[in-house]
Amino acid sequence: MSLINKEVSPFSVQAYADETFKTVTKDDLLGKWSVFFFYPADFTFVCPTELEDLQNNYEEFKKIGCEVYSVSCDTHFVHKAWHDHSEAISKITFPMIGDPTQALARDFEVLIEADGLAERGTFIIDPDGKIVSYEVSCGSVGRNADELLRKVEACQFVRENGNEVCPAKWRPGAKTLKPGIDLVGAI
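Residues numbered from 1 in each chain as written. Predicted model: local features only at pLDDT ≥ 70, side-chain atom pairs only at ≥ 80, totals over all residues. Heavy atoms only, no water.

If you look the protein chain up in an unreviewed UniProt entry, it shows as Alkyl hydroperoxide reductase C from Stecheria intestinalis. Per its UniProt entry, the protein chain bears the Subunit (unreviewed entry) comment "Homodimer; disulfide-linked, upon oxidation. 5 homodimers assemble to form a ring-like decamer." (UniProt positions renumbered as here; feature names shortened; annotations may be inferred.)

Draft legend 1. Local environment of the overall build of the protein chain. If you tally the helices and strands in the protein chain, you get four helices and nine strands. Order of helices (α) and strands (β) in the protein chain, N terminus to C terminus: β-β-β-α-β-α-β-α-β-β-β-β-α. Against the globule reference of 16 Å for 187 residues, the protein chain gives a C-alpha radius of gyration of 17 Å, in line with a compact fold. Along the three orthogonal principal directions, the C-alpha set of the protein chain runs to about 55 × 30 × 30 Å. Looking at the protein chain as a whole, 46% of its 187 residues qualify as buried. For the protein chain, restricting intrachain contacts to residue pairs at least 6 apart in sequence, the fraction spanning at least 24 positions comes to 65%. In the form shown here, the protein chain has an accessible surface area of approximately 9500 Å², with 52% of it arising from carbon and sulfur atoms. Of the side-chain charges in the protein chain, 19 are positive and 30 negative, and the distance between the mean point of each set is 5 Å. (Helix = DSSP H or I, 4+ residues; strand = E, 2+ residues; numbered from the N terminus. Rg over C-alpha atoms; globule rule 2.2 N^0.38 Å. Buried < 20%, exposed > 50% of the residue type's maximum accessible area, 1.4 Å probe, protein only. Contact = heavy atoms within 4.5 Å. Areas by Shrake-Rupley, 256 points an atom, 1.4 Å probe, with all protein chains shown as cover. Lys, Arg positive; Asp, Glu negative; His and termini not counted. Charge placed at Lys NZ, Arg CZ, Asp CG, Glu CD.)

Draft legend 2. The arrangement of empty space enclosed by the protein in detail. As enumerated under the stated definition, the model contains one cavity of 30 Å³ or more in all. Taken as a whole, the largest cavity encloses approximately 40 Å³ of empty space. Looking at the largest cavity, the residues that line it are Thr122, Ile124, Ser133, Tyr134, Glu135, Leu148 and Lys151. At the level of secondary structure, the elements contributing two or more residues to the lining of the largest cavity comprise β8 (120-125), β9 (131-137) and α4 (145-160). Among the elements that make up the lining of the largest cavity, the one with the highest residue count is β9 (three residues). (1 Å grid on protein atoms, 1.4 Å probe; cavity = no way out; pocket = protein on both sides within 12 Å on 5 of 7 lines; lining within 4 Å. Points joined across faces, edges and corners; volume = space filled by probe spheres on them.)

Draft legend 3. Representation of the environment of glutamine 102 in the model. With respect to the helices and strands, the residue glutamine 102 is situated in the loop between β5 (96-98) and α3 (103-107). By relative accessible area, glutamine 102 is classed as buried at 19%. Taking the C-alpha atoms as reference, glutamine 102 lies 9.7 Å from isoleucine 112; in sequence the two are 10 residues apart. Here the side chain of glutamine 102 touches glycine 116 through a polar contact of 3.3 Å, landing on its backbone oxygen. (Polar contact = N/O pair within 3.5 Å; in protein donor to acceptor, adjacent residues only side chain to side chain.)

Dropping the structure here:
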């Protein structure tokens, strides 16, 4: 079953961000764009490369009004320890959510029940708290923050311009399409 347009369930979790612990709730998502970036576990191999890539693009996400939240089934305490001991993770300034009860991973349908870990799930959430785009990848393949940023920009464009759609590799300022009978078979 598709998660597109699913409203994120109410939640309250702890996160490590800006060298402190903070509570993140569903209310923090409302009124702005968000990315939930699930990954299997702290102190692993592919995960730090992904989170560092997100951090390298974090200012661009913030410029377009999008907050980034990384999420694993570790605790916020483990996130702090990882932040203190990893060169790549020490750069992270976005909230790193702990999900030790696995409530978020379960709600977003990325929980690997047998392992108690999350799949590599990427979710774009609109200002109404609804999932408008998502992708789940196998644990061995890292994701690309540049492409994720492009997808957020495309989702924002479509929300603002509902009668236009974004073709493959679309970037802000590029040509869009207006669906209609004149385009049928013409592309």
